[in-house]
Amino acid sequence: MAIEEKTTPFIIKEASDNDLDMESLGRDLNENLFYYLGKSPLVATLQDIYHAFALTVRKRLLQRWINTSMAYVKQKVKVVCYFSAEYLPGPHLGNNLLNLGIFPTISQAFARVGANLDYFLDQEEEPGLGNGGLGRLAACYLDSLATLEIPAIGYGLRYEFGIFDQEIRDGWQAEITDKWLQWDNPWEIHHPEIAYEVKLGGCCQTHPDRDGRLVVHWHPERVVKGVAYDTPILGYNVNTCNVLRLWKAEAIESFDFQAFNKGDYYDAVDEKLVSENLTKVLYPNDEPFEGKKLRLEQQYFLCSCALQDMIRLHLHFAPNLGDFHESWAVQLNDTHPAISVVELMRLLVDERQIPWDQAWDTTRKVFSYTNHTLLPEALEKWPLPLFAQVLPRHLEIIFEINRRFLDSVRLRYPGDNSKAARLSLIDESGDRYVRMAHLACVGSHAINGVSALHTELLKSSTLQDFFELWPEKFYNITNGVTPRRFLALSNPRLTALINSKIGSDWIKDLYKLRQLEEFAEDPDFQQSWREVKLANKRQLANAIKARTGISVDPQSMFDIQVKRLHEYKRQHLNVLHIITLYLRLKKDPTLEITPRTIIFGGKAAPGYFMARLIIKLISSVAEVVNRDPDVNDRLKVVFFPNFNVKNAQKIYPAADLSQQISTAGKEASGTGNMKFALNGALTIGTLDGANVEIREEVGPENFFLFGHTVEEVQYIKAQGYNPYLYYQSNEHLREVIDLLRSGFFAHGDRDLFRPLVESLLYQDDYLLMADYQSYIERQDEAGMTFLDKKRWTRMSILNTARMGKFSSDRAIQEYCQHIWQVKPTFIELQDITLEQV
Ligand code: NTF
């Protein structure tokens, strides 16, 4: 239709209520296949159809997104910016169908033509832009922000290679590069026009300006361009569609023409390659910190692009930056983006000549900081020479922040030099380092831990001096997970059963699950509950068979531990239990035991020797146990390769028992623990991280608790812990360790697992030996309880029913109220007209 014929000629996109009907969806799918991918339905592959379908859904998101951003601008709302070096959003298509409210109709439409929607959903390569809990938490928070209609932008990095894909070869982990971008990514929109220059290296000079004021000039060694790639993040059952904006590094000019003219083609291309290196790859380390120059450059690149973007947006609608803090709240997801405190100071003071005190006041009001770890080896600190090399101007600013800060500390604690040394942004106890956690604390108005226990430990240990200085800045905000992805989407059977009893309001208000309590003993409901679990277990059993070739019995107890491999998470304690069960069966092959399938999953940092060895140990024990006729299938051990969001969605719904067995005081929160319990798994766990609160909520009688408490761990260590004494005095433990060290699980090789055995006997930093006995006892109890179907089912229902607190919606509401001071903005779908644009 020609434009003149339209009744309202300026409408470029109509607000239509019917863009979700089958007819328009089907038409768009065909058009995308034809005009975008150049395929006829006859020759289209599964990947093509997925792609055309994704574009069809993206169109619906864009309609909502543009309405959302226009409403934010018009209403001049305060916006939350989540700064995170990692995001693990998982596959988008299924989640967007769910949030649009069209999952069931689409699934039926596919079924009508004899197709299974799941096959198409399975085509999506998930963005693995994170290592584990921290990145997944960021994704859950974006989901909740949109669902709660909070104006928000997620800022991050568009790594070309995300977390590696894991394969298991001969029992060892092999890392395969992740190629999530090998097919076009239909969810992102490339914005070459949204780009910023980021300086690196070089030196600084101070000159007087025309008015005689001293101004600093940073002469960088090189300049890289950051370009925006946007992914729409739709809320559940609302029109709010926020954005995840990821930065890709590019050369300022893709050719150095001077070099090219001289005929040096390779130099010309070189700059492009060097610049693009910046966002090439995600560092695959979970907790231990690695002080790599490129990593510091990545962190700074993220912060500089994001802050320049915010300032540009701000000045689009405001005359100056005077009220910047009233329009923006920035949450620092751990210290990875902490350099943004300094970058905002630089942008305000050096580039916009705002007086230091005013700039500092603004900065502190804008930022808040979440700490995610107490492990000393995970705390980021950059060697001064490296820092000076990459960010010379920022180091000067840090010195100035520190000078002023320490002056105030000395006034507060006269004569206490050790206090000042402990609080300082610079660690001067040996080689000098910049302490990023201290920078984040000083530059923020709020600091929070991620579980009640973790926050208390922060206040009494890691950040004790800061807590004494500024107790009013500290908050606890216990982590949460999104019930959309981790129940409604991943467990459709349980969702249908729950909905049949209490409706679907729980998807937006998880406390509503409490209404299930009244059915906990209802025999019919119990029966359906068990059928759902069994069906989910069958599905996982099929996946296990396909991935590993191992057959497992869906009737056995599925006892699961999935998370990054780390000594403090104690996957090897789980192995000690397996060997204990194995020895019992060897001694008495007729022994009655609860049949179990013990499933592991998780990646090890490529450079973490012990973590890799634990994977080899699990595979080796599995190989022996699974084949032994004395075991006769009553015990199966599986290492499920490549644990990621996609696989997680199959695993949590199929669990009977969730293993949360870290040494007390080591796991800041954990979020897998919440996903398991939400799906009706019972937990065997220590009093660590959010386990403490999960147990409080579900009731101690519905939780298998074991192990020493934080205080006991501290006491045992203070007394001079000797793990060897536990070996000597516990006969069963001794047999387990002896079998392990005999080479029994290593084809007679006594050396293979020696490093593990020796670390347990003579070092045991994570107290496996001290917790072994109580772990075995609680496992035995869990095994017995599992045989009592009614009791187990009741406990399982109560676990799900009492998980309300662990919704990421609750967590985000707390951030909004206590830290960000932001409110929801209702989004209406309206016509978008040329006049508005
Ligand atoms: C992790 N921290 C913690 O280890 C988990 O306990 C917690 O659940 C998640 O953060 C989310 O809060 C990290 O990954 C890091 F980077 F801080 F080490």
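Residues numbered from 1 in each chain as written. Predicted model: local features only at pLDDT ≥ 70, side-chain atom pairs only at ≥ 80, totals over all residues.

(A) Local environment of the sheet that holds strand 22 (residues 682-685). Read from one edge to the other, the open sheet built from six strands follows the order 20-19-18-21-22-23, with strand pairing classed as parallel. Strands with a single pairing partner mark the edges of an open sheet, and in this sheet they are strand 20 (635-639) and strand 23 (704-705). Across two bridges, strand 18 (residues 557-562) lies against strand 21 (residues 657-660) in parallel orientation. What sits directly across from isoleucine 560, in strand 21, is serine 658. Running at roughly 145° to strand 20, helix 23 (residues 609-627) makes contact with strand 19 (596-601) and strand 20 of the sheet. (Pairing = 2+ DSSP bridges. Helix = DSSP H or I, 4+ residues; strand = E, 2+ residues; numbered from the N terminus. Contact = placed C-beta atoms within 7 Å. Axes fitted to C-alpha atoms, helices over the stretch in contact; angles between N-to-C directions.)

(B) The arrangement of the sheet that holds strand 14 (residues 426-427) in detail. The three strands lie next to each other as 13-15-14, forming an open sheet whose pairing is antiparallel. Because the sheet does not close on itself, it has two edges, and the strands there are strand 13 (381-383) and strand 14. Relative to strand 15 (residues 433-435), strand 13 runs antiparallel, the two being bridged by three bridges. Note that in strand 15 the partner of lysine 381 across the bridge is arginine 435.

(C) Region of the structure containing the pairing of strand 11 (residues 328-333). In terms of burial, strand 11 is largely enclosed, as six of its six residues are buried. Every second residue of strand 11 is oriented toward a common face, with Trp328, Val330 and Leu332 on one face and Ala329, Gln331 and Asn333 on the other, all of them buried. Sheet topology places strand 2 (residues 79-83) next to strand 11; five bridges connect them, and they run parallel. Note that in strand 11 the partner of valine 80 across the bridge is alanine 329. (Buried ≥ 20, exposed ≤ 12 C-beta atoms within 10 Å, placed from the backbone.)

(D) A look at the confidence of the model for the protein. The share of residues in the protein with pLDDT of 70 or more is 96%, and the mean pLDDT across the chain is 94. Confidence over residues 1-9 falls short of pLDDT 50; this stretch has four contacts with residues more than four positions distant or in other chains. (pLDDT = per-residue confidence, 0-100.)

(E) Representation of unusual backbone geometry within the structure. Of note in this structure, asparagine 642 is not a glycine but carries a positive phi near 60°. Following the sequence through the fold, asparagine 642 ends up in the loop between strand 20 and helix 24 (645-651). Unlike most non-glycine residues, histidine 747 shows phi in positive territory, near 50°.

(F) Local environment of the domain arrangement of the protein. Domain annotation of the protein identifies domain 1 (13-77 + 91-125), domain 2 (78-90 + 126-444) and domain 3 (485-708 + 772-803). Between domain 1 and domain 3, the C-alpha centre-to-centre distance is 34 Å. Here the residues of the side of domain 1 that touches domain 3 sort into two nonpolar, two polar and no charged. (Domains from an automatic or database assignment. Nonpolar A, V, L, I, M, F, W, Y, C, P; charged D, E, K, R; others polar.)

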